[in-house]
Amino acid sequence: MCACNVLVICLTRSFYRYIVLAFDEMKIREDLVFDKSTGEVTGFIDYGEGSLDQRFVVLREHCVKQRFDHRKLATHMLTLMVRGIFFKCDFPLAHFPTQGVSSESLIYIVWRAIRMLALIGLQVISVVADGAPNNRKFFRMHEIRKFQSSGITYKAPNVTKPGSFVYFMADPPHLIKTVRNAWYNSQANGSRSLVNKGKEIKWSHLVELAEKTTSDTGLYIGKKLTREHLKLTSYSRMNVRLAVQVLSSSVANGFKTLRDLNLMAQDTEATEEFCRIFDKFFDLFNTRSVTECIRKRKPDLMPYYRVSDPRLKWLKETFLLYLSEWENSVKTNDAIPKPMKKCCMLPQQTIEGIKICVYSLIEIMQELLSNKDTKFVLSDRFNQDTLEIFSDSKGHEAIVTTTHLFCNSYKMPKPSLYRSPLHLVGAVISQGKESTL
């Protein structure tokens, strides 16, 4: 049986068609390589034919008559990854050597990929990206007032299927890192001073928790907090594991336990609530299997089975209300000078990304679970984890990875070309019709 016929059988149920498209840029080393088999030189920036950035490159070369050796070398690699929701597939679709892609070019690149995937019967329900400024601008460029919620642009009409939407998702692991980093900066000589309803959320509370649970008793309450958790470096700031372990229910329980034992001041209540709230937020976006909730004894890690799931209601009515009340309490607090008010809250970009995720997840679950054939949905499908693993899977570091090495390592075509949809068909079949959940 040919691959196309097998894919048609796989997609006889409508919910199999839904996929996620993630994109991200990784750092590479500037280098030129002559490919003797094709006679081409790789290493220059190439945004793809038709993209606005590429047209400017061509126009500049014609107008200024730039010489060949003055063309700009790529410093980043933009990669597009297709991820299945109901079948196991993590497929690199295209890559573009860039010096930082603009939001205008992302419009062309992403929607071209969505249209191409629609040709083989796959429907992109979500586009996932991190919180880079060009990605946020890409989201906002789809602004249509009647499709907004609280002024947040989180979805756009799907031109390949009238009546449906493509939902944007700011990578949740990236958001949890920015939340932790904002908390870390809320200390002496830090750039922030988080205050919620008049109560401070300070990093020194976490440091005190670590000291109390080791020096006084010799025992650990909650997570085993180490120097790696408490003193952040440029590397640890980007480590999701450390951020999740700090913003956890076990740390929140540690604050409560020490307060009950009168070993810690009562002013840690806001910090405890902060940890508990964002621990649940991350869990709701990180459901990975049907058994993890049992192993870890955390009901929030349970897959989503129905549209009326109370966790979706919690996100909309409790979590967003928590952020809204925090913002209002700072704005109405006359004791805080006006120039300092922004420093008393989470960064506005982080709040915007969180709201995009919440609004999108709620409507995605409503659309997917309303299908009678859908048994459950795992929310970890809507992040960039597989894309980041893909970037590091060959062990190449940015200092040695070049455009040529990237193409050869991942068996990608030459830069700026999308892989054939037939390759995607083979990937779907070889990895299995349904995911191993």
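Residues numbered from 1 in each chain as written. Predicted model: local features only at pLDDT ≥ 70, side-chain atom pairs only at ≥ 80, totals over all residues. Heavy atoms only, no water.

Q: Just checking my understanding: could you explain the overall build of the chain for this structure?
A: When helices and strands are tallied, the chain shows 16 helices and ten strands. Counting all 437 residues of the chain, 52% fall into the buried class. Counting contacts in the chain only where the partners sit at least 6 residues apart, residues at least 24 apart contribute 72% of the total. Approximately 20800 Å² of the chain is accessible, and the part contributed by carbon and sulfur atoms is 54%. (Helix = DSSP H or I, 4+ residues; strand = E, 2+ residues; numbered from the N terminus. Buried < 20%, exposed > 50% of the residue type's maximum accessible area, 1.4 Å probe, protein only. Contact = heavy atoms within 4.5 Å. Areas by Shrake-Rupley, 256 points an atom, 1.4 Å probe, with all protein chains shown as cover.)

Q: Would you mind showing me how to read the nonpolar core here?
A: Soluble globular proteins tend to bury their nonpolar side chains together. Ranked by size, the top nonpolar core spans 110 residues in total, and within it Trp 183, Phe 274, Phe 278, Phe 319 and Phe 382 carry the most contacts. Excluding anything up to four places from it in sequence, Phe 319 contacts Ile 277, Phe 278, Phe 281, Trp 314, Ile 354 and Val 358. Counting five residues, the second-largest nonpolar core is a separate cluster that includes Met 26, Ile 28, Ile 45 and Met 77. (Core = buried A, V, L, I, M, F, W, Y, C linked by side-chain atoms within 4.5 Å.)

Q: Any chance you could explain the pattern of salt bridges here in plain terms?
A: Side-chain pairs of opposite charge can arise where the charged atoms are in close proximity. For the coordinates displayed, the defined rule picks out 17 salt bridges. A salt bridge links Glu 272 to Arg 259; the shortest N-O distance between them is 2.5 Å. Here Arg 259 lies in helix H9 (residues 249–260) and Glu 272 lies in helix H10 (residues 269–284), a separation of 13 residues in the sequence. Accessibility assignment for this pair places Glu 272 and Arg 259 in one class, buried. One salt-bridge network, in which partners are shared between bridges, spans Arg 83, Asp 90 and Asp 380. (Salt bridge = Lys/Arg side-chain N within 4 Å of Asp/Glu carboxyl O.)

Q: Would you explain the pairing of strand S5 (residues 90–98) in this entry?
A: The side chains of a regular strand alternate, residue by residue, between the two faces of the sheet. Most of S5 is tucked away: eight of the nine residues are buried. Sheet topology note: the strand S4 (residues 76–84)/S5 ladder contains eight bridges and is antiparallel. Within S5, the position partnered with Leu 78 by the bridge is Phe 96. (Pairing = 2+ DSSP bridges.)

Q: How should I be thinking about the pairing of strand S6 (residues 123–129) in this particular structure?
A: Across the seven residues that make up S6, a large majority, seven, are buried. Alignment of strand S1 (residues 18–27) against S6, held across five bridges, turns out to be parallel. Pairing of Leu 21 across the sheet is with Val 127, part of S6. Bridge analysis of S6 against strand S8 (residues 165–170) gives four bridges, and the strand direction is parallel. Looking at S8, one finds that Ser 126 is bridged to Tyr 167.

Q: Is there a simple way to think about the packing of helix H12 (residues 310–331) against helix H13 (residues 348–369) in this case?
A: Geometry of a packed helix pair, given as the angle between the helix axes and the separation of the axes. The geometry of H12 relative to H13 is characterised by a closest axis approach of 10 Å and an angle of 165° between their N-to-C directions. Classified by the interaxial angle, the pair formed by H12 and H13 is roughly antiparallel. Two packed elements cross with a definite hand, and for H12 against H13 that hand is left-handed. Where H12 approaches H13, its residues Leu 312, Leu 315, Lys 316, Phe 319, Leu 320 and Leu 323 are matched on the opposing element by Ile 354, Lys 355, Val 358, Tyr 359, Leu 361, Ile 362 and Met 365. (Axes fitted to C-alpha atoms, helices over the stretch in contact; angles between N-to-C directions. Parallel < 35°, antiparallel > 145°, perpendicular 65-115°, else oblique. Left-handed = near helix turned anticlockwise from the far one by under 90°.)

Q: Which parts of the structure should I look at to understand the packing of aromatic side chains?
A: The description of an aromatic ring pair rests on the distance of the ring centres and on the angle between the ring planes. This structure, assessed with the given rule, holds 19 aromatic pairs. Judged by centre distance (4.9 Å) and plane angle (15°), the rings of Phe 281 and Phe 319 are stacked. Of this pair, Phe 281 sits in helix H10 while Phe 319 sits in helix H12, and the two are 38 residues apart along the sequence. Given the relative accessible area of 1%, Phe 281 is considered buried. Grouped by ring-pair contacts, the aromatic residues Trp 183, Tyr 184, Trp 203, Phe 274, Phe 278, Phe 281, Phe 285, Trp 314, Phe 319, Tyr 322 and Trp 326 constitute a single cluster. (Phe/Tyr/Trp six-rings, centres within 6.5 Å; stacked < 30°, edge-to-face > 60°.)

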